[in-house]
Amino acid sequence: FRRVFTMKLRALASPVLALLRRLSPPPPPPPPVQSPLWDGLAPALLAVLVCWLLPALLYVRFAREGTATSTGAGSAARAGAGRHRGVLYGSLSSFLSVTAMAVMFPFMQVRRDALGCDALCQGGQTSLRSALTLVGAAVIGRASDRVGRVPMLWVGTAASLASIVISLSSDSLTGMWLAVVPAAMLNQNFSVCKALFSDYIDEAGGTDADKAGAVGKLGMAVGFSFMVGPILASALISDYRRALLLSAAITAASSVFLLLLPTPSRLSRQQRGGGGGGGSSSAGLTGFLSLPVLKLRGAQLLMLVRLKMALAFHMFAPVWQVSIRARFDFGPRDHAQFMGLVGLTYALSQGFIAKPLVRSFGDKVSRLLLLCILVLGGARPVALYTQSVGVVYACYVPMVIALGVMNTAITTAASRLAQKEQLGGFYGVMESVENVAGMVGPALGGLLARVDGFPATLAAVVCFYAAAFVLVALFFSTHVSGAAAAEAAAGAAAAGGGGGKAAAPAA
């Protein structure tokens with residue numbers, strides 16, 4: 001009886017329960033399981049802490065050592081070498097010049113779409129810009145040796161204004177192509193400023209660490225300008241034409257600091273003397289194109305290392321963009337945040353990290369370069385295959401720091417190899433080498449990815465880093481550091497002896 005009663009009760013209650021379930025709203029779904037914020041931020045914060053804490057301690061240590069040992073006029077002169085007013089004015093001029101270019105970035109793609117510039121058109125403009133810079137960097141750099149650094153800075157500023165005028169006067173695709181030519185060909189102010197800063201530090205009796213600090217300030221100014229430019233554009237203007245006008249105004253403002261730049265007295269005497277050659281060939285085209293520093297094994301080594309590092313960078317770039325979008329669905333806001341962190345880290349690494357590290361390693365700069373190559377080559381595979389955004393940030397912070405420190409260290413080493421009347425041309429050739437990698441690298445990386453996927457491109461990138469590591473480990477101390485020390489000793493001996501002065505030009 002009890003069993004029958006229970007069954008009938010269930011039969012009578014089931015329609016009522018079904019009706020109540022229909023009338024009552026369904027219960028809310030359980031909240032999604034979210035990882036704590038700390039889990040995502042911890043790797044990036046840890047990387048930032050480690051990579052900034054060590055350089056900060058180095059900076060404080062050497063600042064205290066410099067204060068403790070600063071006695072006499074010689075130490076005061078060395079302290080002033082790192083704070084030359086020409087370095088300050090040149091950095092401010094570069095900051096404004098690159099900011100003027102960066103304010104147009106947010107509107108360039110809209111402008112291309114409005115004029116019907118498709119992917120082939122954009123690729124052609126990129127190739128044209130790289131080809132013109134390839135030639136212009138070497139020519140303008142060499143001209144800065146013969147004519148002067150500051151006049152070539154004026155040429156670069158005038159070229160930027162000419163490109164803006166062409167863009168303002170021509171509302172067509174042809175005008176967009178023509179506007180690429182002046183700035184890409186003649187505006188090589190970054191490499192010219194590096195040579196000018198090296199002249200300033202040499203004139204003030206500074207050290208390699210002072211040169212690294214000066215070049216680091218220049219890199220920091222350029223890095224900050226890439227961040228400030230788009231922010232300024234989004235806050236003040238809303239269309240491409242106003243962006244051009246704002247760019248022209250900022251470019252004109254940058255020329256004010258060019259008026260304040262002092263001319264290195266030692267270099268100006270060499271230029272007035274025809275570059276130190278004195279022969280008819282030096283006065284002509286042959287003398288202009290001649291660059292004896294390129295015959296040195298150390299210079300060839302620096303160019304080869306720079307080429308391999310640049311190829312690895314440019315081959316990795318297209319694969320990285322596709323990979324980060326596929327893994328994390330990166331949108332414009334995510335890319336802006338990521339590039340903002342990269343730009344800030346690169347700027348600060350050149351401004352505050354490079355000089356203490358170069359000073360701490362002293363004559364063992366090769367060890368610093370090897371450490372940077374290890375960080376760059378070892379962190380890229382982890383960043384490419386990890387499934388955590390935090391790990392990506394944790395990898396990229398030390399990678400960007402290593403890249404900034406290595407570029408500064410190579411620039412400083414190049415300044416020790418080349419004589420002052422050849423330094424601008426040598427820097428220009430180094431920039432041209434990078435442009436060769438910029439023309440070939442992306443296409444080669446994309447081709448390898450299409451043939452065998454990401455592993456093929458990554459293997460090629462790691463091989464280039466490994467080749468650069470071997471070259472630095474085997475030959476840098478002998479052909480770069482050793483050659484620079486021998487040249488310095490020879491110069492000191494020539495300056496000490498009376499007859500050595502006369503014999504030096506003949507040698």
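Residues numbered from 1 in each chain as written. Predicted model: local features only at pLDDT ≥ 70, side-chain atom pairs only at ≥ 80, totals over all residues. Heavy atoms only, no water.

Engineer: What is the right way to read the packing of aromatic side chains from this model?
Structural biologist: To describe a pair of aromatic rings, one takes the distance between the centres and the angle between the planes. Enumeration according to the criterion identifies 3 aromatic pairs in this entry. Summarising the aromatic geometry, the rings of F197 and Y200 are spaced 6.5 Å apart at their centres and angled 25° between planes, so their arrangement reads as stacked. Pair noted here: F197 and Y200 are both in helix 9 (residues 189-203), with a separation of 3 residues, about one helical turn. Its relative accessible area of 0% is what places F197 among the buried residues. Here the aromatic rings of W320 and Y396 are separated by 4.9 Å at their centres, their planes lie at 35°, and the arrangement is tilted. Of this pair, W320 sits in helix 15 (residues 297-328) while Y396 sits in helix 18 (residues 389-417), placing them 76 residues apart in sequence. Each member of the pair, W320 together with Y396, is buried. Aromatic ring contacts, followed pair by pair, group F316, W320 and Y396 into a single cluster. Residue placement shows K194 over the ring face of Y427; its charged tip is 5.3 Å from the ring centre. (Phe/Tyr/Trp six-rings, centres within 6.5 Å; stacked < 30°, edge-to-face > 60°. Helix = DSSP H or I, 4+ residues; strand = E, 2+ residues; numbered from the N terminus. Buried < 20%, exposed > 50% of the residue type's maximum accessible area, 1.4 Å probe, protein only. Lys NZ or Arg CZ within 6 Å of the ring centre and 35° of its normal.)

Engineer: Explain a nonpolar patch on the surface to me, please; I cannot follow it from the model alone.
Structural biologist: Taken together, V436, M439, V440 and L444 make up a surface patch of nonpolar side chains, about 280 Å² in accessible area. Its location among the elements puts V436 in helix 19 (residues 420-452). Note on V436: relative accessible area 35%, which makes it partly exposed. (Patch = residues over 30% accessible without salt bridge, like charges linked within 9 Å, V, L, I, M, F, W, Y side chains within 5 Å. Areas by Shrake-Rupley, 256 points an atom, 1.4 Å probe, with all protein chains shown as cover. Salt bridge = Lys/Arg side-chain N within 4 Å of Asp/Glu carboxyl O.)

Engineer: So what exactly am I meant to see when it comes to the pattern of salt bridges here?
Structural biologist: Working definition: two side chains of opposite charge can pair if their charged atoms are close together. Evaluated as defined, the whole model comprises 8 salt bridges. Residues R142 and D145 are paired through a salt bridge, measuring 3.3 Å at the closest nitrogen-oxygen approach. In this pair, R142 and D145 are both assigned in helix 6 (residues 119-146), 3 residues apart and thus about one turn of the helix distant. With a closest N to O distance of 3.3 Å, E431 and K194 form a salt bridge. Of this pair, E431 sits in helix 19 while K194 sits in helix 9; the two residues are 237 residues apart in sequence, bridging distant segments of the chain. In this structure K194 comes out as buried when scored by relative accessible area, which is 6%. Salt bridges sharing partners connect three or more residues here, namely R142, D145, R149 and D199.

Engineer: What is the right way to read the confidence of the model for the protein from this model?
Structural biologist: Across the protein, pLDDT averages 76, with 73% of residues at or above 70. Mean pLDDT values for the elements of the protein range from 36 in helix 21 (residues 500-506) up to 92 in helix 7 (residues 149-169). This stretch, residues 32-41, has a pLDDT under 50; its non-local contacts, to residues over four places away or in other chains, come to 2 contacts. Predicted confidence is poor over residues 268-283, with pLDDT under 50, and the contacts of this stretch with residues over four places away or in other chains come to 22 contacts. (pLDDT = per-residue confidence, 0-100. Contact = heavy atoms within 4.5 Å.)

Engineer: Explanation requested: the environment of N189 in the structure shown.
Structural biologist: In this structure, N189 sits in helix 9. We classify N189 as buried; its relative accessible area is 11%. Apart from residues lying up to four places away in sequence, N189 is in contact with M152, L153, G156 and T157. Looking at N189, its side chain comes within polar contact range of the main-chain oxygen of L153, at 3.4 Å. (Polar contact = N/O pair within 3.5 Å; in protein donor to acceptor, adjacent residues only side chain to side chain.)

Engineer: Can you help me understand the packing of helix 4 (residues 85-102) against helix 10 (residues 208-236) in this one?
Structural biologist: In a packed pair of helices, the relevant descriptors are the angle between the two axes and the axis-to-axis distance. Packing of helix 4 against helix 10 leaves a shortest axis separation of 8 Å and a crossing angle of 30°. Taken as axis vectors, helix 4 and helix 10 run roughly parallel relative to one another. In the crossing of helix 4 with helix 10, the sense of the turn from one axis to the other is right-handed. In this structure, helix 4 uses V87, S91, S94, F95, V98, T99, M101 and A102 to contact helix 10, whose residues at the interface are A214, K217, L218, A221, V222, F224, S225, F226, V228, G229 and P230. Classifying every residue of the contact of helix 4 with helix 10 by side-chain character gives 13 nonpolar, 5 polar and 1 charged. (Axes fitted to C-alpha atoms, helices over the stretch in contact; angles between N-to-C directions. Parallel < 35°, antiparallel > 145°, perpendicular 65-115°, else oblique. Left-handed = near helix turned anticlockwise from the far one by under 90°. Nonpolar A, V, L, I, M, F, W, Y, C, P; charged D, E, K, R; others polar.)

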